[in-house]
Structures are given as C-alpha cells and as structure tokens.
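Architecture at a glance
Okay, here's what each chain looks like letter by letter:
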Amino acid sequence: MAVHDKLTLPVSRRHFLIGASLTGAGLVIGLQPSPSSAAAEAFEPNAFIRIPADGKVVFVMPSVEMGQGIYTSVAMLLAEELEVSLDQVELEHAPADPTRYANPLLGDQITGGSIAIRAVYEPMRKAGAAARIMLVNAAARGWGVGPETCSAEAGHVVHAASGRRAAYGSLIQAAAAEAVPQEMPLKPASSFKLIGHSVRRLDSPEKVNGTAKFGIDARPEGVSYAAIAICPHFGGKLRAVEDGPARAVKGVKQVVRIEDAVAVVADNTGAARKGLAALAIEWEPGPNGTLSLLDLEKRAEEAIGGNALTHINEGDVAKAATEHGPALEFVYRLPILTHSAMEPMNCTLHVRSDGCDVWVGTQVMGRAREAVADVTGLPLEKVVVHNHLLGGGFGRRLDVDGIILAAKIANQVDGPVKVTWSREEDIRHDCYRYLNYSKVTATLGADGMPVSWRHRVIGPAVMARWLPAFTRDGIDLDIMAGAETPYAIPNKYTDFVRHEAPEGMLTGNWRGVGATRNLPAIEGGIDELAHAAGVDPLEYRRRLLQHKPRLLAALDLAAEKAGWATALPAGKGRGIALSEDFGSFAAMISEVSVGEDGSLKTERIICAVDCGQVINPDTVEAQIQSGIIYGLSAALYGRITVQNGAVVEGNFDDSPVLRINETPKIEVHIVPSSEAPGGIGEVGTPGVAPSLLNAIFVATGKRLRSLPIDHNELRRA
Amino acid sequence: MTYDLLVNGKKYVVDVDGDIPLLWVLRDTIGLTGTKFGCGIAMCGACTVQVDGVPVRSCVVPVAEAAAKPITTIEAIGETAEGARVQKAWLDIDVVQCGYCQSGQIMSATAFLAANPSPTDEDIDAVMAGNICRCGTYPRIRAAIKLAAAGR
Ligand code: FES
Ligand code: FES
C-alpha cells in the first residue's frame, strides 16, 4: 500500500480538494460533507474518506505515522464502520489544515502525547458510519426499499431479500445527494470485525522494499543538497568563515551563511559534506562558552532548594511528618538525553516569491507551516507542507527548529534545497530532555505504610513555550505528570521548581514525557519505603492500591507472569515499576543479574498493560516492546555531557544506543478491557529505569538513584 | 571524473569525485532513496548495500571503490531468493515500525542468511548488532530471521 501525498494527484482533483477544504473552517473535526461532491469524481462525505467510482477507497490520515502504527489503527476504525476491508483502502497523508485535521484533544494538528487514539476513537468511527449510512440510504432509495432492509459489507450495499448488491463506487453520485446523518449509531464491540483483532500494518510492504518515502527521501525536480554546521556553543554565533576550499570541491554550488550556521549547497549531499569539512569556520562562543556539565549539575543541585510552586496539597504533610518519623529522604537525578531518531533531522524547501513548498516529516503540521510562513514572509496559504513518513519522532519532531533553520537557508537558494543534518548535528542540537531532579521525603506509620509523601520536581517548564494550556499558575502540568502517585497515602504534597537549561540549549518533549521524568523517584521511592518497612515490594504496592483495580490487575498479572513468588539465586533480582498515564495502566517487572565485576545483564522484562479497548493487539505488543527498548537504551547509556557550552558527544560511537545483542527477552501481556482506549506509544518507556534500579537493589543491595546506570557502582569485588 | 556504476543490474554513469561515499551517489545522484543515512561512520547499518554480494556500509565506501562492481540495494534485493524470503518473513512477523532502519536490517539479514542458513540466536545477535533500530524492533527481527531460515 503506497501512502500518497495529496498534492501529487492530478490538478482537477487538487482543485476539488481545495474547494472541499473551505467548508471545514471552524469545525473541530471535519465530519461535514463537501457540497461539491455530487458533481465530483469521488464521494467525499467528510475530510477523512474519499470513495472514487473505481478503485480503492482513500482514507486521509489526521495523525502522522512515525512507527507507532497509527495509520493502521485509524484505518481500522474507519473501515470497521464503513464496512470495507483493509485491502480495499489506501492511505493518504493529510495536508497541513488544522481546521479539518486538528487532534480534538490538543486543539491543533499535532501527533504526540500518545493521544491520537484517545482523541479519534469515536470521531473516526463516526466518520466511517456517516459515509456508510449515506451509501446505504442511496442504494435503498434507488431500489425503492427501506434502508433498514439493507446492509453493508466489504464495500457493497446489499439487499438480502432481493439479492441485489451495489458496489460503493457505483453509488457515489447518489450518496452525495443524501442528507448527512445527524445520528451515527456505532457498532457494539461484539460485532467488531477489525477492532480488537491483530491485523498487519498497512505500511509494511513499502517499508520492506525501500519504496516508503520519508522526509529525507524527498527529491523535487531540480533539488540541490545542503550540509550544515550549526554553532556548537549554545547561544553562540557565526563569526567568520573561509569558504575558498569548499567552493573548489566538485559539485559545490554555494555557501550560505546565517546568523548561527553555515550551509554548503551542492549537487549531492556527499559533495556538500565534503565541502563543509573543507570550510574554516570561526564561531563566537557567546554567553555560555565556558559552561560544563558540572556547572549545569551544580545549578540543578542548587535548584532543589529553590523557589517551589505547590502542585498538590492533600492532608497535612507537615503534621504527619512530625507525628511519625523519622523521615526518609532521597534525591533521584536524571541526565540530559537526546532523542536520536534514526532519521536525522532534515527538511526540503522550495522558496519562491509567490509561495513555498516544504517536504518534511513532522509531528506538528500546522506549526511547520506557520514557521515557514514566518521565516519567508509569505502568507500562510502560500505555504504548502507535504508531510512524509517519519523515521522516528519520540518527541523530537514536535519542534520546528529544524524547519526554521532549513527555511532560512532555503531563503538564500534558488530552487528547491534539501537540508540534511549530520548525526553529529542531530545529537549536538537536539531539543533535549533536560536535567531532571526529584527529591522525595516520606514518613512511615507504625505499620510501615507511608503516612506522608512529599515530592519536589526540579526541571524545565517545556509546556510554558510548547503548550501553555498545559500549565497552571506557572506549573508545567506535564513535568508533574504522575507526581501525585497512584498510591493511597493520606498526606501528599508535590511542588515544582522551574529550572531551565542555559539560553540557546533547546529542551523539549521526550518519549513518555512527564512519566519518564517522575517514575524513577516514585517507583524507586516506594520500593525504598517497602524495603525500609521490611515488606515485600509487591505486597507493599498491593496494600496501597486497593482503590486502583485496573492498576492492581495489571500488577497481579505481571507478578504472575514474572514468577514473582519464586526465589532467585544470589546476584539476581526482580524489580517492579507501575505507571498510570496516557489513559493506560502498566506494570513492569525487570529481572537482572549483576556480576561480581559490576557487569549488568537484563535477563527479561515483563509488562502487563491495560490500555482499555485494544484496536490492534499486535501494535500494542510492538509499541510496548519499542517503548521498553527505548527506555532501556536510555537507562543504560543515555547521558549527554557538555564542555565549553557545547555537547561533547556526536555519534553512535560516543553516544551509544541499545543494540540487538543487548536486548533482553521482553514479554507483553494485555489485560482484556472494554474501557475507553488508552494511548500506547509511550506506555512502555517510563517503567524501565525504575524497575531496573529496583531489581539491581535486590541483586546487589545497592540503591542507585541516578541514571544512566553506572557499572562502577555495582562492582562488589 | 566519471564512474560506471552497476546498480541492480542497471548501468549508471556518474560524474562525482571518487571519494564521495557510495551512499550519496545512490540516494542523490541516481535517486535510489531506499538506502538510508543514519550516522555516516559505519556505526548504524542504515546504509547497508551489497557490493559483489558482500554487505557493506555505503556511507564509508568511496564511489571509486564500488565502480564497475555489481551493487544490489533494497530496491532489488527481493529479486534474489534469499531477499524475497527475508522480506516475506518481515511481513509475516510485521517487524517494521517507523521503517527507517529496515532497508539496512533486511540487507544485512539477507547477506547473513546466505552465509549462515540456520543461525542461532547468538549468531543473529552477533551479526545484526551492527544495525541500530531506535524503534526497538529487535525482538521481531530475531523472530523474522528465524522464520526466514526455517522457510528455506
Ligand atoms: S549511515 Fe552508514 S552505517 Fe550508519
Ligand atoms: S523501525 Fe524505526 S528505526 Fe527501526
């Protein structure tokens, strides 16, 4: 199945689509018909479905596909109610048009936060149902029978009594004249043919034969290729560049200077990179030119005692702490992380006086378009963004810094230019998951159970710039996600100290967002309390979760599958971490062995997950595996260091990521549920680090509270 | 200077410096974009192609060295029996996620299976450790390679 860019369609179709889009303004989700569709070559009952006279039904994808399987899941929802089989459909990327394709929960055309399925579960089914009802009504009217005597199956309307059948394609003119149904009753779960059943991903075939098109694969007619060097010092600038030798490189056409970067434009990326290497560049290091990681860590340390904003205040922690005690206190420290998506940052643009085309894979279609309009000074409607498959997102492609940079370069280039970052630029100019410290103070009652829990979160307020609606009185609600813990503790107090990275160092969203920041302290912390109380950590959590049946059920299933009750030999350990976020509930148990020399082996990771109504069970398994491996990679290796105000690491040699030979056995168990669907793309990540830390404690008696895991600290000999 | 490249059975004459990595000539000059760029230093495997039947990291192979030798990329690997079997196993197991690393994974797996028709888990890990997947499709890559091996 090829995924098409709408704008490669013939011109007549393009006009038709533009006409249809005008009717969508202001609606949260475009379930309105196109008034012009009666006369058109296809029936377009809403923004997501287009049924031509012949050939495949087209589904337009409101979210972007970055590996999470959303194209297949959304197609399943549409197909389920439209009554077509998946081999009767093809998929198309939506254009940048938030009026029709905004995520209803985010209010913008954004794919992130594991929120797509939660947002579109009903709307997509309704979109499919509306189209089906119109087709059935059209057929019934033509046959002179009641619509209730007709049914729909596999792309046909059927009148069983008379044996008549009509393909959807034959009904498109008539269906377009039907009234849009106001009521769209949806199928009960018991009649689902697709939802809840494992189906193959629709994007697999093109991804195994090399024909899938990612942003980096865009090759518009006449494109040239740029390699870039961005000022390595955060907040620094370009001082001077000697470009004679670069210009002499065969294939090099142009050297472009912008405020904080240089680009070499050539007739292939190899020549551009060769030219870039030949440049003699002088950078102005700027205000951060002497900063090192030690400085940044010291600042974060100081921020622990800084001004804090109260987030949650339940009961009376101060009173509880004086009545009980002594207090247990621990600080968890998380490093700076990159996203390191497999597809390095890139963006192709063609800036002209009358408009601009942009070829890119982005999680923020609307913002991408606005950013380019801004840089080029073109009116928004003159900027056309052609979205592509994303070679990984993980939060990196929620920001448009790379698009802005490419637009500034393209502004100075005649014809289309593709700007491809090297891996080194990708690592040294990420929107980092910045330093995140957590201080937990807890007191236990006479029975060993916690009576008070204080959690102070120290980190940047990414939402303040990225989604201000997700802040409250200066508190970044995302960074606080889950800080309240799922546990029944009578007195709770959480607060937030805003602590930003130095000017010029971008910080952003990272897979698992708030939960990955807070879970090490929460799940490590509760484990510490259990051990202090001398209670088995599973039992301890169970006692505190009696009011959380879904989380408890996931915990019990994971414990059973992990064989929690069976003893492990010396040097081995199991650790638990629970998470409740993204509308899903997950229990993770890691099993590790630690050698005398401190060598750590992750033997296996078990995850039981309740994500409500499952759309595609195979995708749930794949996404949990994926999230776990991403989290494991970070727990073992993720750490960026800074010297002279610049990131030291640059590629997979000094910034390693998990490889297949280090990948443990991973088991995913789904807790059956008919609750509303939860997100799944990020659910696997947050629990990995804390479950490992807890397992390491059992194996070695050593309580690690910082990441990544330091083998030297595990050495026993 | 110009070089004759023999890619997927087709001849191309390219006019580039001889030290330009094969990767960029394939992607930009010839337009075969199935081969991917991930690191540029032979650390990730995304750019794997076969030259003379041997898997190589095209990001570090100068085009001059690949000239006049048969080069096979992901676009044509399905025409070999081994490649077709691996692609089918990839579909049966539904390995891919974002898909960006998968051209390289399949090129590595195909060459590997040709040399070692019934690999153990350790064999798979040892060879495939050269290919990074940030989406974490590793468990399914193992399963798919075993399936492809069993299907011979
Ligand atoms: S791009 Fe060649 S090995 Fe990474
Ligand atoms: S499938 Fe995304 S990097 Fe491997």
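Residues numbered from 1 in each chain as written. Chains lettered and ligands numbered in written order. Predicted model: local features only at pLDDT ≥ 70, side-chain atom pairs only at ≥ 80, totals over all residues. Heavy atoms only, no water.

Observations concerning the domain arrangement of chain A
Residues and elements named next belong to chain A. Domain parsing of chain A yields domain 1 (3-208), domain 2 (215-286 + 345-420) and domain 3 (294-336 + 432-714). Taking only C-alpha atoms, the centre of domain 1 and the centre of domain 3 are 40 Å apart. The contact between domain 1 and domain 3 buries some 1400 Å² in all, and 60% of this surface belongs to carbon and sulfur atoms. Where domain 1 meets domain 3, there are zero salt bridges. (Domains from an automatic or database assignment. Buried area = accessible area lost by both parts, 1.4 Å probe. Salt bridge = Lys/Arg side-chain N within 4 Å of Asp/Glu carboxyl O.)

Comments concerning the nonpolar core
Counting 212 residues, the largest nonpolar core has F59, L82, V609 and I709 of chain A together with L5 and W90 of chain B as the members making the most contacts within it. The contacts of W90 of chain B, once residues within four sequence positions are left out, are V208 of chain A together with V95, V96, Q102, Q105, I106, A109, I141, A144 and I145 of chain B. V358, A373, V383 and V417 of chain A belong to the second largest nonpolar core, which has 45 residues in total. (Core = buried A, V, L, I, M, F, W, Y, C linked by side-chain atoms within 4.5 Å. Buried < 20%, exposed > 50% of the residue type's maximum accessible area, 1.4 Å probe, protein only. Contact = heavy atoms within 4.5 Å.)

Notes on the confidence of the model for chain B
Per-chain confidence: chain B averages 97 in pLDDT, with 99% of residues scoring 70 or above. The ipTM assigned to the predicted complex is 0.98, against a pTM of 0.94. (pLDDT = per-residue confidence, 0-100.)

Examining unusual backbone geometry
All names here are of chain A. Cis geometry is adopted by the peptide bond preceding P326, which originates at G325 and carries an omega value of 0°. With respect to the helices and strands, P326 occurs in the loop between α10 (317-323) and β15 (327-334). Looking along the chain, the bond that leaves L707 and enters P708 is cis, with omega of -5°. Note that P708 resides in the segment after α19 (688-700). Unusually for a residue other than glycine, T485 sits at a positive phi of about 65°. Examined against the element boundaries, T485 turns out to sit in the loop between β23 (475-476) and β24 (491-498). Here T485 falls in the buried class, since its relative accessible area comes to 7%. You will see that V513, though not glycine, has its phi angle at about 30°, which is positive. (Helix = DSSP H or I, 4+ residues; strand = E, 2+ residues; numbered from the N terminus.)

Some words on the domain arrangement of chain B
Residue and element names in this part refer to chain B. Once the domains are mapped, chain B shows domain 1 (2-74) and domain 2 (77-150). Placing a centre on the C-alpha atoms of domain 1 and another on those of domain 2 gives a separation of 21 Å. Taken together, the 15 residues of domain 1 in the interface contact 13 residues of domain 2. Counting every contact that joins domain 1 to domain 2 gives zero salt bridges. For the pair domain 1 and domain 2, the number of links is nine residue pairs in polar contact (both at pLDDT 80 or more). Sorting the residues of the side of domain 1 that touches domain 2 by element identifies β3 (48-51) and β4 (54-57) as the ones contributing at least two each. Here the side of domain 1 that touches domain 2 takes three residues from β3, the largest share from any one element. (Polar contact = N/O pair within 3.5 Å; in protein donor to acceptor, adjacent residues only side chain to side chain.)

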